[in-house]
Amino acid sequence: MTDKKIPMVDLFAQYQSIKNEIDRAINTVIKESSFVGGRFIEQFEIDFANFCGTKHAVALNSGTDALYLSLWALGIKKGDEVITSPFSFFATAEVISRFSAKPVFVDIEPNTFNLNPDQIKKNITSKTKAIIPVHLFGRPANMKKIMKLAIDNSLFVIEDACQAIGAKYKEQKVGSLGDIGCFSFFPSKNLAAYGDGGAVVTNDQNLAESIKKLRNHGSATKYKNESIGVSSRLDGIQAAILLAKLPHLNRWNQSRRQIAKKYTQLLKGFVVTPSEDDNENFSVYHQYTIQIKNGRRDRLKDYLSKNGVSAMVYYPIPLHLMPALKDLGYKPGSFPIAEKASSEVLSLPIYPELSMAKVAQIAQLIKGYVQTS
Ligand SMILES: *Cc1c(COP(=O)(O)O)cnc(C)c1O
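Residues numbered from 1 in each chain as written. Predicted model: local features only at pLDDT ≥ 70, side-chain atom pairs only at ≥ 80, totals over all residues. Heavy atoms only, no water.

Focus on the sheet that holds strand S1 (residues 56–60)
Taken together, the seven strands give an open sheet; going across it, the order is S1-S9-S8-S5-S4-S2-S3, and neighbouring strands pair in mixed fashion. Whereas interior strands pair on both sides, the edge strands pair on one side only; in this sheet they are S1 and strand S3 (102–105). With direction set aside, neighbouring strand axes in the sheet form an average angle of 25°. Relative to strand S5 (residues 156–160), strand S4 (residues 128–132) runs parallel, the two being bridged by two bridges. The residue of S5 that forms the bridge with Ala 130 is Phe 156. Sheet strands touched by helix H6 (residues 143–152): S4 and S5. Its angle to S5, the strand with the most contacts, is close to 150°. Seen against the sheet, helix H7 (residues 205–214) touches S1, strand S8 (180–184) and strand S9 (198–202) and runs at an angle of roughly 15° to S1. (Pairing = 2+ DSSP bridges. Helix = DSSP H or I, 4+ residues; strand = E, 2+ residues; numbered from the N terminus. Axes fitted to C-alpha atoms, helices over the stretch in contact; angles between N-to-C directions. Contact = heavy atoms within 4.5 Å.)

Points about the side chain of His 135
Mapped onto the fold, His 135 is located in the loop between S4 and H6. At a separation of 2.9 Å, a polar atom in the side chain of His 135 contacts the main-chain amide nitrogen of Ala 141. Among the polar contacts made by the side chain of His 135, one reaches the side chain of Glu 159 at a distance of 2.8 Å. Apart from residues no more than four positions distant in its own chain, His 135 is found in contact with Asn 114, Pro 140, Ala 141, Met 143, Glu 159, Asp 160, Ala 161, Gln 163, Ala 164 and Val 174. (Polar contact = N/O pair within 3.5 Å; in protein donor to acceptor, adjacent residues only side chain to side chain.)

Thoughts on the sheet that holds strand S7 (residues 172–173)
Adjacent strands of a sheet form backbone hydrogen bonds with each other and so pair up, either parallel or antiparallel. Here three strands make up an open sheet; going across it, the order is S7-S6-S10 and the pairing antiparallel. Two strands lie at the open edges of the sheet, namely S7 and strand S10 (281–282), each paired on one side alone. Strand direction decides the pairing type here: strand S6 (residues 168–169) and S7, joined by two bridges, are antiparallel. Across the sheet, the residue bridging to Tyr 169 is Gln 172, located in S7.

Some thoughts on the pairing of strand S12 (residues 345–348)
The side-chain alternation of S12 yields two buried faces, one formed by Val 345 and Ser 347 and the other by Leu 346 and Leu 348. As paired elements, strand S11 (residues 288–291) and S12 share four bridges and run antiparallel to each other. Within S12, the position partnered with Gln 291 by the bridge is Val 345. (Buried < 20%, exposed > 50% of the residue type's maximum accessible area, 1.4 Å probe, protein only.)

A closer look at helix H2 (residues 19–32)
Relative to the 20 Å expected for 14 residues at 1.5 Å per residue, H2 spans 20 Å between its end C-alpha atoms, a close match to the ideal helical length. Regarding H2, the residues found buried are Ile 22, Ala 25 and Val 29. Take H2 and look down its axis: the buried residues cluster within an arc of 65°, on one side only. Along H2, exposed side chains directed more than 90 degrees from the buried face belong to Asn 20, Arg 24 and Lys 31. Buried residues belonging to H2 abut helix H1 (11–17), helix H3 (39–52) and helix H8 (236–245). Within two residues after H2, Ser 33 carries a phi angle of roughly 50°, on the positive side. (Expected span 1.5 Å × (residues − 1). Arc of directions from axis to C-beta.)

With respect to the environment of Lys 268
Structurally, Lys 268 can be placed in the loop between helix H9 (249–267) and S10. The exposure class of Lys 268 is exposed, given its relative accessible area of 52%. When the C-alpha atoms of Lys 268 and Lys 367 are compared, they prove to be 9.8 Å apart, with 99 residues separating the residues in sequence. Lys 268 has contacts with Thr 273 and Glu 276, leaving out every residue within four places of it along the chain. At a separation of 3.0 Å, a polar atom in the side chain of Lys 268 contacts the side chain of Glu 276.

Description of the site of the ligand
In the vicinity of the ligand, 15 residues are found, and the nearest of them are Gly 63, Thr 64, Asp 160, Ser 184 and Lys 189. Thr 64 places a polar side-chain atom, nitrogen or oxygen, 2.5 Å from an oxygen atom of the ligand. The separation between an oxygen atom of the ligand and a polar side-chain atom of Lys 189 is 3.0 Å. When the free accessible area of the ligand is taken as 380 Å², the share hidden by the protein chains comes to 93%. (Near = heavy atom within 4 Å. Areas by Shrake-Rupley, 256 points an atom, 1.4 Å probe, with all protein chains shown as cover.)

Okay, here's the thing in structure tokens:
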């Protein structure tokens, strides 16, 4: 960092803490010229599947492609409907539209920001093929109710676990509960590559093989293309970096949880703090997101910035009001809970290397603001 501003995430601090392991990993890939395919990819797929508790993992070039190739492998096509959350990163809905299928949004729960399962049932039609729950900010969605609805109505479940690597729902890792779990290794995610990266996990061998083919121009055997696919492989260098980082992930996620606990201790009663874990979920706090009402959110963000603290709004526009999706015909008021969240949420700096002293400093600023404004 050039100035003293507390960032949302400090990637260089993490690098410094495991510099030798990362440098060795990168150098080995270069020495072996194992840039595309090769042993680092194969090993990462084994280790990542083990980590998630699934039989298979397929490494891809992004979380977006993990979602995209999942829908493709499941046969989603024009006219199909896929139910998902309006409060997520754009990619969650974008991938549905790429098949000319229709994203069908249902509102979220106010306390978890995740898909409200009680809103799903009335939106299931004869065209509905799948549900994409998003484990937003690292908190597992209510998978028990979602899986029951999916089973009762013969729908696929694709978990968007891009923000929730290592999170658990009732002792089970997210990504392993539905038909396919999708992950992102984008540099700001809890397990981060040094560039783009992603993966799917599944217990279904046929799905894993289909996605392996799709990521490589529809070919399982070199220069024998059996179907149309794309080029969406993870680089060898990224796989080696992720392999070096994976053994640290549980510790990093624990640090995030401790930071979150501290924020909540200090901020409870001053702003709306994230609902805490119950015995159904184990969050990994990709984001620590508070809510502050009455249009004061943007002023608090500016105030923090002036005082050397970054804060971000994830997400300022709910997906049903995105210009790119206006043809779906949703209007302001369609999903009041998601719209309210968009106007009130503020995510604070959280990363494993963030010191408790800085957490206290940030909390103090917020309390000062709330008390005097
Ligand atoms: C990051 C993210 C994605 C997309 O992942 P990329 O690797 O950036 O393509 C999808 N969904 C959610 C919820 C995400 O946070």
